[in-house]
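Structural characterization, general
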Amino acid sequence: MSARKGRGRQWAAGREEEGRGAVAGPLPSSALPSLLVPGLATERNPPRPGCFRGRRQLVAAPGPRPSSNGDLEGGADAARACAEPVQATLSSLKMLDVGKWPIFSLCSEEELQLIRQACVFGSAGNEVLYTTVNDEIFVLGTNCCGCLGLGDVQSTIEPRRLDSLSGKKIACLSYGSGPHIVLATTEGEVFTWGHNAYSQLGNGTTNHGLVPCHISTNLSNKQVTEVACGSYHSLVLTSDGEVFAWGYNNSGQVGSGSTANQPIPRRVTGCLQNKVAVNIACGQMCSMAVVNTGEVYVWGYNGNGQLGLGSSGNQPTPCRIAALQGIRVQRVACGYAHTLVLTDEGQVYAWGANSYGQLGTGNKSNQSYPAPVVVEKDSSCCRQPSPCPTPDFPSAARCSRIIEIAACHSAHTSAAKTQGGHVYMWGQCRGQSVVLPHLTHFSCTDDVFACFATPAVSWRLLSVEPDDHLTVAESLKREFDNPNTADLKFLVDGKYIYAHKVLLKIRCEHFRSSLEDNEDDTVEMSEFSYPVYRAFLEYLYTDSISLSPEEAVGLLDLATFYRENRLKKLCQQTIKQGICEENAIALLSAAVKYDAQDLEEFCFRFCINHLTVVTQTSGFAEMDHDLLKNFISKASRVGAFKN
């Protein structure tokens with residue numbers, strides 16, 4: 001079994017809120033398991049029907065807008081002088097890894113490579129819709145209330161294509177607690193499906209929608225650019241800045257001035273009548289819109305102060321948040337019962353429920369007025385020899401400009417990303433209450449919700465852009481055995497293997513000494529076979545091996561000879577995974593020969609467990625006499641020959 005050919009050359013040596021006060025319409029006890037985390041306080045619940053299922057809010061904040069002279073609007077000179085440096089490392093450009101969401105473990109690696117957009121939703125992150133590089137739409141999961149849009153309510157653990165949306169490209173998507181789905185295409189069309197007991201699909205009925213339905217009433221001449229869902233109501237924003245709402249309206253969340261449910265899209269007017277909205281968001285039973293002047297308008301349920309009006313009374317029509325007077329807001333994001341806004345100066349304000357510290361204010365007290373969220377300045381920021389000037393200027397704006405905020409209707413978690421690429425999280429994180437922004441190792445806010453939110457759902461439509469850039473590891477792998485870039489070649493069994501001296505010296509102690517002051521560009525190798533030596537060199541480029549168990553034995557010999565302990569372990573692992581009755585004796589012999597004791601014991605146990613078949617193989621008949629003697633002796637000691 002040895003690939004060794006003789007050592008002729010010396011060269012080869014070497015849920016939310018406070019729960020205070022009675023609330024109309026209590027949540028059914030059957031819904032509690034999906035709402036509560038054992039041992040944690042629960043937030044004050046607004047009046048609502050049915051069980052909580054979860055929803056994601058689409059909020060993606062752009063960076064500060066440049067003014068006509070190129071400066072950042074709203075920023076003082078002192079702020080720009082101490083501005084956080086823009087991170088230019090690859091970590092800030094890293095592609096989103098959808099595999100962090102548990103639901104994607106149902107997909108093969110090949111399927112994951114094709115994904116370009118995805119939305120994870122459901123009461124336990126147990127449903128997903130995604131698009132592929134071929135513009136096909138697939139769904140999988142529990143399919144509660146037909147929310148997968150397949151025409152039935154059957155769950156599926158295998159991706160199924162959503163043919164009813166064939167040819168459509170998704171611009172944005174949101175979901176409610178039923179769940180129900182609201183989707184806008186790149187052409188501005190709106191499609192809805194799923195739970196519809198409160199007309200949240202906007203099709204004029206209360207029948208659940210098992211397949212996507214095109215919603216055109218009052219929207220036929222409109223191009224929808226953004227969508228948002230509350231638990232049981234829906235909101236869309238059009239290209240001309242109009243907001244339309246429909247669905248459940250018990251707290252005024254549709255903004256019509258009444259509490260009657262709205263079965264079809266209706267334009268939200270009142271204070272928004274002559275305003276141009278640029279961003280929308282929905283809390284569980286509240287709605288919000290940012291207009292082009294930077295003002296924020298809110299309406300709906302306000303039991304935890306999530307409207308930011310300084311009170312806890314519901315608001316049936318849009319009302320401007322007066323406390324933000326003089327502050328230009330760019331984006332708004334809603335959690336389960338709390339709200340975040342991002343200003344044009346990169347400052348974050350928060351208000352509403354705070355039982356888990358989701359406001360990031362350092363305590364767990366609810367806030368009915370906007371409160372600033374201070375993100376600690378990064379260590380790489382503001383390397384001024386003295387403190388930043390103008391101390392009255394907010395420190396968070398000076399040294400940690402926020403460019404993105406994130407919150408999810410189904411969780412009590414908040415996240416933000418700075419201009420330097422640092423991602424912070426606070427609120428409920430895997431059962432813990434984090435009351436101040438905590439710096440994570442993530443490169444995007446999506447990872448916070450995949451890894452720390454409960455449930456693990458996406459807070460926006462995930463986008464996985466194709467990336468042709470090769471990492472260092474990928475580049476090295478590509479250059480292995482490349483004659484165009486190599487400066488060294490090995491001649492083995494009459495075949496050349498091309499390599500790079502500097503990499504070999506970095507990766508292997510043997511080459512570090514043998515190539516020192518060696519100017520030869522060709523090395524003849526007679527000690528090992530071509531497949532074995534090629535596998536060894538490739539391992540130095542890739543940290544992996546791909547060999548049959550029999551070939552791995554030869555590589556094990558080389559690894560032992562070169563004292564490459566990690567490679568030796570990989571060889572043993574390959575042999576263990578490929579052992580069978582036919583090769584068990586040969587692999588046992590190799591383990592004994594190369595003093596691989598763990599592998600020897602594994603192979604011996606395999607032979608004992610398959611003794612009848614193993615003793616009838618040619619390998620057993622040709623076994624070395626000493627090895628056979630030792631095998632029989634050891635087998636007798638463990639009682640293998642009792643019968």
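Residues numbered from 1 in each chain as written. Predicted model: local features only at pLDDT ≥ 70, side-chain atom pairs only at ≥ 80, totals over all residues. Heavy atoms only, no water.

The subject of this paragraph is a negative patch on the surface. On the surface, Asp487, Glu516, Asp517, Glu519, Asp520 and Asp521 cluster together into a patch of negative charge. Locating Glu519 in the fold gives a position in the loop between α8 (509-514) and β28 (522-525). Under the relative-accessibility criterion, Glu519 is labelled exposed at 75%. (Patch = residues over 30% accessible without salt bridge, like charges linked within 9 Å, V, L, I, M, F, W, Y side chains within 5 Å. Areas by Shrake-Rupley, 256 points an atom, 1.4 Å probe, with all protein chains shown as cover. Salt bridge = Lys/Arg side-chain N within 4 Å of Asp/Glu carboxyl O. Lys, Arg positive; Asp, Glu negative; His and termini not counted. Charge placed at Lys NZ, Arg CZ, Asp CG, Glu CD. Helix = DSSP H or I, 4+ residues; strand = E, 2+ residues; numbered from the N terminus. Buried < 20%, exposed > 50% of the residue type's maximum accessible area, 1.4 Å probe, protein only.)

Spatial strand order, β17-β18-β19-β20: four strands in an open sheet with antiparallel pairing. A strand with exactly one partner marks an edge of an open sheet, and here the two such strands are β17 (329-334) and β20 (367-373). On average, adjacent strands in this sheet sit at an angle of 20 degrees to one another, irrespective of strand direction. (Pairing = 2+ DSSP bridges. Axes fitted to C-alpha atoms, helices over the stretch in contact; angles between N-to-C directions.)

Here we come to the nonpolar core. Counting 59 residues, the largest nonpolar core has Phe490, Leu504, Phe511, Tyr533, Phe536, Leu537 and Leu555 as the members making the most contacts within it. Of the residues forming this core, the biggest block, nine residues, is contributed by helix α9 (residues 530-542). Grouped together as the second largest cluster of nonpolar side chains are 46 residues, Val139, Leu148, Trp193 and Ala416 included. (Core = buried A, V, L, I, M, F, W, Y, C linked by side-chain atoms within 4.5 Å.)

Packing of α9 against helix α10 (residues 549-562) brings their axes to within 9 Å, and their N-to-C directions diverge by 60 degrees. Between α9 and α10, the angle falls in the class oblique. Between α9 and α10 lies a crossing whose hand is right-handed. Contact residues: Pro531, Val532, Tyr533, Ala535 and Phe536 in α9; Glu551, Gly554, Leu555, Leu558 and Tyr562 in α10. Residues that form the contact of α9 with α10 fall into these classes: eight nonpolar, one polar and one charged. (Parallel < 35°, antiparallel > 145°, perpendicular 65-115°, else oblique. Left-handed = near helix turned anticlockwise from the far one by under 90°. Contact = heavy atoms within 4.5 Å. Nonpolar A, V, L, I, M, F, W, Y, C, P; charged D, E, K, R; others polar.)

Taken as a whole and judged by the stated rule, the model has 23 salt bridges. With a closest N to O distance of 4.0 Å, Arg331 and Glu226 form a salt bridge. Of the two residues, Arg331 sits in strand β17 while Glu226 sits in strand β9 (residues 224-229), which places them 105 residues apart along the sequence. Here Arg507 and Asp543 are joined by a salt bridge, their closest N and O atoms 2.6 Å apart. Within this pair, whereas Arg507 is found in helix α7 (residues 501-507), its partner Asp543 is found in the loop between α9 and α10, the two being separated by 36 residues in sequence. For Arg507, a relative accessible area of 32% puts it in the partly exposed group.

Where helix α11 (residues 565-578) meets helix α13 (residues 597-609), the axes come as close as 10 Å, and the angle between the chain directions of the two elements is 5 degrees. The pairing of α11 with α13 is recorded here as roughly parallel in orientation. Contacts from Gln572, Ile575 and Lys576 of α11 reach α13 at Asp598, Leu599 and Phe602. Within the contact of α11 with α13, the residues separate by chemical class into three nonpolar, one polar and two charged.

With that out of the way, let us pick up the pairing of strand β22 (residues 413-418). Burial runs high along β22: six of the six residues are buried. The turn joining strand β21 (residues 402-407) and β22, which pair antiparallel and follow one another in sequence, is formed by five residues. As paired elements, β22 and strand β23 (residues 423-429) share five bridges and run antiparallel to each other. From the neighbouring strand, Ser414 faces β23, where its bridge partner is Trp426.

On the secondary structure map, Arg430 appears in the loop between β23 and β24 (432-439). With 22 residues separating them along the chain, Arg430 and Phe452 place their C-alpha atoms 5.1 Å apart. Ignoring any residue separated from it by four or fewer positions in sequence, one finds Arg430 in contact with Ala450, Cys451 and Phe452. A polar side-chain atom of Arg430 sits 2.9 Å from the main-chain carbonyl oxygen of Cys451. (Polar contact = N/O pair within 3.5 Å; in protein donor to acceptor, adjacent residues only side chain to side chain.)

With that settled, the discussion passes to the sheet that holds strand β25 (residues 462-463). The strand order across the open sheet formed by five strands is β4-β3-β2-β1-β25, and the pairing between neighbours is antiparallel. Both outer strands of the open sheet, β4 (156-161) and β25, are each paired with one neighbouring strand and no more. Pairing geometry for strand β3 (residues 137-141) and β4, over three bridges, is antiparallel. Directly across from Gly141, in β4, lies its bridge partner Thr156.

For the rest of this paragraph, the subject is unusual backbone geometry. The step from Gly178 to Pro179 runs through a cis peptide bond, and the omega angle for that step is 0 degrees. Take Pro179: it is sitting in the loop between β5 (170-175) and β6 (180-185). Between Thr454 and Pro455 the backbone carries a cis peptide bond, its omega angle lying at 0 degrees. Mapped onto the elements, Pro455 comes out in the loop between α5 (445-451) and β25. Phi at Asn143 is positive, roughly 65 degrees, even though this residue is not glycine. When you line up the elements, Asn143 lands in the loop between β3 and β4. Its identity is not glycine, yet Asp481 carries a phi of approximately 60 degrees, on the positive side. Within the element layout of this structure, Asp481 appears in the loop between α6 (472-479) and β26 (488-492).

Under the definition given, this model contains 20 aromatic pairs. When the ring of Phe511 is compared with that of Phe536, the centres are 6.0 Å apart and the planes differ by 25 degrees; the resulting orientation is stacked. With Phe511 in helix α8 and Phe536 in helix α9, this pair connects stretches of sequence that are 25 residues apart. Take Phe511 and Phe536: they sit in the same class, and that class is buried. Their ring planes at 65 degrees and their centres at 5.3 Å tell us that Phe536 and Tyr562 sit as a pair that is edge-to-face. Linking Phe536 in helix α9 with Tyr562 in helix α10, this pair joins segments that are 26 residues apart in sequence. Across the pair, exposure class does not vary: Phe536 and Tyr562 are buried alike. Ring pairs connect the aromatic residues Phe490, Phe511, Phe528, Tyr533, Phe536, Phe561 and Tyr562, which therefore count as one cluster. Against the face of Tyr539 rests Arg507, its NZ or CZ located 5.9 Å from the ring centre. (Phe/Tyr/Trp six-rings, centres within 6.5 Å; stacked < 30°, edge-to-face > 60°. Lys NZ or Arg CZ within 6 Å of the ring centre and 35° of its normal.)

The predicted coordinates should not be examined in detail at positions where pLDDT is low. Averaged over all residues, the pLDDT of the protein chain is 83; the fraction at 70 or higher stands at 80%. Predicted confidence is poor over residues 5-42, with pLDDT under 50, and the contacts of this stretch with residues over four places away or in other chains come to 101 contacts. Taken together, the stretch residues 378-399 has pLDDT below 50 and engages in 47 contacts with residues farther than four places along the chain or on a different chain. (pLDDT = per-residue confidence, 0-100.)

What follows concerns helix α16 (residues 625-637). Taking 1.5 Å per residue as the helical rise, α16 with its 13 residues ought to reach 18 Å, and the 19 Å between its terminal C-alpha atoms agrees with that figure. Buried within α16 are the following residues: Leu627, Phe631 and Ala635. Looking straight down α16, one finds that the buried residues subtend no more than 60 degrees of arc, so they occupy a single side. Looking at α16, the residues exposed on the side facing more than 90 degrees away from the buried face are His625, Asp626, Lys629, Asn630 and Arg637. Contacts made by the buried residues of α16 are with α12 (584-593), α13, α14 (611-614) and α15 (618-621). One side-chain oxygen at the N-terminal end of α16 lies 3.0 Å from the backbone nitrogen of Asp626; it belongs to Asp624. Phi turns positive one or two residues past the end of α16, at Gly639, with a value near 80 degrees. (Expected span 1.5 Å × (residues − 1). Arc of directions from axis to C-beta.)

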